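Close look at the chain arrangement
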Amino acid sequence: MSTRGAFIVVEGLDRAGKTTQVSALQTRLENEGILCKLLKFPDRTTAIGQMIDSYLRSQSELDDRAIHLLFSANRWELASTIEKLLAAGTTVICDRYAFSGVAFSAAKGLTFEWCRSPDVSLPAPDLTLFLDITPEAARSRGGYGEERYEKEEMQRKVREVFRRISSELDEASWVTIDAGRDLDTVADEIWSVSRPFTKGLSIPIQRLW
Ligand code: T5A
Ligand code: NA
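Let me sum up the structure you'll find in this document.

Each value, and the rule that gives it
Along every chain, residues carry numbers that run from 1 in the direction the sequence is written. Think of it this way: whatever chain is written first is A, whatever ligand is written first is 1, and the rest follow in order. Reporting in this predicted model follows two pLDDT cut-offs: at least 70 for local features of residues, and 80 or more for side-chain atom pairs to be given and counted; totals over whole chains, interfaces and linings ignore these cut-offs and use all residues. Side-chain figures throughout are based on the complete set of non-hydrogen atoms in the structure, without hydrogens or water. Strand pairing requires that DSSP identify at least two bridges connecting the strands. Every helix listed is a DSSP run of H or I at least four residues long, and every strand listed is a run of E at least two residues long, numbered separately from the N terminus. Structural elements are reduced to axes, namely lines fitted to C-alpha atoms, with helices fitted over the stretch in contact, and the angle between N-to-C directions of any two is expressed from 0 to 180 degrees. Distances are taken per atom, and a residue is near a molecule or strand as soon as one of its heavy atoms is within 4 Å of it. In protein, a polar contact means a hydrogen-donor-capable atom and an acceptor-capable atom, both N or O and within 3.5 Å, with residues adjacent in sequence counting only if both atoms are side-chain atoms; elsewhere, any N or O pair within 3.5 Å suffices. What sets the accessible areas is the Shrake-Rupley method with a 1.4 Å probe; for residues, cover comes only from the shown protein chains. Residues were grouped as follows: Ala, Val, Leu, Ile, Met, Phe, Trp, Tyr, Cys and Pro as nonpolar; Asp, Glu, Lys and Arg as charged; and all remaining residues, including Gly, as polar. Only a pair of cysteine sulfur atoms within 2.5 Å qualifies as a disulfide here.

**Overview of the sheet that holds strand 1 (residues 7-12)**
Read across the sheet, 5 strands follow the order 2-3-1-4-5 without closing on themselves; strand pairing throughout is parallel. The open sheet has two free edges, formed respectively by strand 2 (36-40) and strand 5 (174-178), since each of these has just one partner strand. Taking the axes of each pair of neighbouring strands and ignoring which way they run, one obtains an average angle of 20° across the sheet. As paired elements, strand 4 (residues 127-132) and strand 5 share 5 bridges and run parallel to each other.

See below:
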């Protein structure tokens, strides 16, 4: 039976080390000769992505619903690319995805169900690695940056919504990783959890949610 690539998403609070870890995972996959592609949301390079970038840097203001829909549209722009890569046998690693979309908008006060609806039927990750870190530990990593959501109170609320999301998903597809440890320890755990998924999957691509 022919297999497809696995869709692996890395999620977490700001400064949890997502970008550091997706890059480490990509290196390990390449060293094993496994075909992989790294994606990131928001993808700030598209026209929609540029609107998101401007909002995050507080250079523009948007209604909470409007920015939520732009984040979702930014994922839909790449949905068919993700599907084609997976079908061609490429492992797709993604730095944030729809879970961030729900977590940040729900933390602002929009309802959970409303937040989920625009992402319904996007390709679902086969594995989500949630990098969990306390807001205090995140702050100690050189402090939060200048962007809109990088405030401790916001990060606390976001963490609560991520907890709710994880409680509603099955344990095999959502794995919480203690990201407060040193870089190599976190990378080793991510690798041991991801490795079985990189051998190719024979089940069809799943859909959110
Ligand atoms: N957002 C996103 C929404 O509201 N809706 C959505 O739908 C989506 C997709 C931008 C914002 O958009 C929001 C969420 C965000 O607020 P972004 O572009 O992903 O999202 O944000 P970035 O600023 O690029 O990334 P983060 O701030 O989230 O940081 P990372 O990627 O988690 O952390 P990283 O790897 O850059 O590391 C941060 C620092 O910590 C060090 C690193 O060297 C770096 O200095 N570090 C460690 N230090 C000690 N121990 C470790 N284990 C370390 N790992 C990393
Ligand atoms: Na990042």
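**Section: the site of ligand 1**
In the neighbourhood of ligand 1, 25 residues make up the surrounding shell, with Arg 15, Lys 18, Thr 20, Arg 75 and Arg 96 lying closest. Here an oxygen atom of ligand 1 sits 2.9 Å away from a polar atom, N or O, in the main chain of Gly 17. Within the side chain of Arg 75, an N or O atom sits 2.8 Å from an oxygen atom of ligand 1. Burial of ligand 1 by the surrounding chains reaches 79%, relative to a free accessible area of 1100 Å². Split into classes, the residues belonging to the shell around ligand 1 amount to 9 nonpolar, 5 polar and 11 charged.

**Observations regarding the state of the cysteines**
Using the criterion set out here, one finds 0 disulfides in the structure. Of the cysteine sulfurs around Cys 36, a residue in no disulfide, the closest is that of Cys 94, at 13 Å.

Read these as layout, nothing more, since geometry by itself doesn't imply function.
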